[in-house]
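Secondary and tertiary structure notes
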Amino acid sequence: MAAHKTPSSKTTAHHSAQDAYKVTALVLQGGGALGAYQAGVYQALDEAGLRPNWIAGISIGALNAAIIAGNAPEQRVERLTEFWETICKSALWPGGSTALSPDNMAWPQIFRDGANALAALRALTEGQAGFFQPRMPPPLLQWHGTPATSSWYDTAPLRETLERLADFDRINDARSLRVSVGAVNVRTGNFAYFDNRTEKLRPEHFMASGALPPGFPAVEIDGEYYWDGGIVSNTPLYKVLTERPHHDTLIFQVDLWSACGALPRDMGSVAERTKDIQFSSRTRLVTEYMHQSREQQRLLHELMALVPEAKRSDPAFRRAERYANGALTNLIHLIYRDKPYEGHYKDYEFSTTTMHEHWQSGLTDMRHTLTRPHWLDPPTPENPFVTHDVHRALGNDSTSSKERA
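A brief report on the enclosed structure follows. (Residues numbered from 1 in each chain as written. Predicted model: local features only at pLDDT ≥ 70, side-chain atom pairs only at ≥ 80, totals over all residues. Heavy atoms only, no water.)

We now examine the pairing of strand β8 (residues 224-228). With three bridges joining them, strand β5 (residues 178-185) and β8 adopt antiparallel strand pairing. Directly across from Val184, in β8, lies its bridge partner Trp227. Note that strand β7 (residues 219-221) and β8 share three bridges and pair antiparallel. From the neighbouring strand, Glu220 faces β8, where its bridge partner is Tyr225. Between the end of β7 and the start of β8, which pair antiparallel, lie two residues, with Asp222 showing a positive phi angle near 50°. (Pairing = 2+ DSSP bridges. Helix = DSSP H or I, 4+ residues; strand = E, 2+ residues; numbered from the N terminus.)

Across soluble globular proteins, nonpolar side chains have a tendency to be buried as a group. Of all hydrophobic cores here, the largest spans 74 residues; its most connected members are Leu26, Trp84, Leu162, Phe206, Phe252 and Met366. Broken down by element, this core gets its largest block of residues, eight residues, from helix α3 (residues 60-69). Here Phe252 is in contact with Thr24, Ala25, Leu26, Val27, Leu45, Leu50, Ile332, Met366 and Leu376, once residues within four sequence places are set aside. Listed in part, the 12 residues of the second largest apolar core include Val23, Leu237, Leu241 and Phe385. (Core = buried A, V, L, I, M, F, W, Y, C linked by side-chain atoms within 4.5 Å. Buried < 20%, exposed > 50% of the residue type's maximum accessible area, 1.4 Å probe, protein only. Contact = heavy atoms within 4.5 Å.)

Right, let's get into empty space enclosed by the protein. Scanning the entire structure with this criterion turns up one cavity of 30 Å³ or more. In this model, the largest cavity occupies a volume close to 60 Å³. Looking at the largest cavity, the residues that line it are Leu63, Phe131, Thr155, Leu158, Phe206, Met207, Gly210, Ala211, Phe216, Pro217 and Val219. Classifying every residue of the lining of the largest cavity by side-chain character gives nine nonpolar, two polar and no charged. (1 Å grid on protein atoms, 1.4 Å probe; cavity = no way out; pocket = protein on both sides within 12 Å on 5 of 7 lines; lining within 4 Å. Points joined across faces, edges and corners; volume = space filled by probe spheres on them. Nonpolar A, V, L, I, M, F, W, Y, C, P; charged D, E, K, R; others polar.)

Moving on to the environment of Arg312. With respect to the helices and strands, Arg312 occurs in the loop between α11 (283-304) and α12 (315-321). For Arg312, the contacting residues outside a window of four places in its chain are Met304, Ala305, Val307, Phe317 and Arg318.

Another point: the layout of surface pockets. In this model, the largest pocket occupies a volume close to 580 Å³. If you go around the largest pocket, you meet 27 residues; those closest to its centre are Leu212, Gly215, Phe216, Asp347 and Tyr348. Of all the secondary structure elements, the ones that give two or more residues to the lining of the largest pocket are α3, α5 (112-126) and α10 (267-280). Its residues assigned to classes, the lining of the largest pocket shows 16 nonpolar, eight polar and three charged. In this structure, the second largest pocket occupies an estimated 350 Å³ of space. Put simply, the parts of the chain that give the lining of the second largest pocket at least two residues each are α9 (237-241) and β9 (249-255). Among the residues forming the lining of the second largest pocket, the class breakdown is nine nonpolar, six polar and seven charged.

Take α11 next. Here α11 is 22 residues long and its end C-alpha atoms lie 31 Å apart, about the 32 Å a rise of 1.5 Å per residue gives. Of all the positions in α11, only Thr283, Thr287, Met290, His291, Ser293, Arg294, Gln297, Arg298 and Met304 are classed as buried. (Expected span 1.5 Å × (residues − 1).)

Given below as structure tokens:
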């Protein structure tokens, strides 16, 4: 894992740009083992002195949110490191890697895909230390199952990890950092957000957000059972964009699945592509929709300013107030890019070597993003919703060949 950099002279400039916004949101998508990418992104933000005041997460994004929000700013990267080093250990051999893991293989790169497949198989058969373990007896052999036991794995180790690495009193201090995590009510099928502004968050709220069936069990919260929010929507972006009252907002959206990809040519790549499309949650479609919506809301806001004061008590004006929005939104989008050796099991391949690579990818992508400090500038009223994507920039910028290399 990359060493923590000392903040550079650019930190002050980044911090000044952030001050132009009332809300700085970190939006974290679900994606299992790919979530180490988000930890790398956060490290780069920390280096630049950019600290969100709202973290919204789903699934592994919710677990990363718990570690970030549950620690003092100067300890967050260290605790994220400890969290990922913990859950990427074998449940049976937590003291070290097994002989067939990619962590200690000296095989040529062409065998890396096989090594990763073996690591994924190990996760399925052994579980991951501090995260999940095979349920005994297996669910098919249970005479009287319950919602909390109807799964292939038991996530009790995750509760212990969260309680050890996150301070829940700090998580529930909404004055300094807002925290929102999404889950699905199993009984009603309705999506729910748990928010530290409206309720006291406990380990089970974060565990519920990551309770993907049939692997993980539903989590009981106040008499209701919840599953992974990714079943309905794998990104909390819409939650942040539709929040009221409206404020000028800087959003760092960190996705782990790419909606775009190559055509599959075998059954393994079919399974992988299916996951990519299913869990990407059509983020770009949501972004484009909100872009158009915000432009219309801003135009309505400006038109309403032209209405004479004497006419503002009219019921039509009052109704229009509910739809007008003068806030400015800057969305910085980062999307994890697959590696050639990854397969359909990439979300449950927890080898430490792969985890470090995911982390480094997030760190590099965010550092590249921050070499364009003007991207943090507030949008103009004429263009109230802007987006930036470092991968699109690198692909379209002929001067960026050194960065792409």
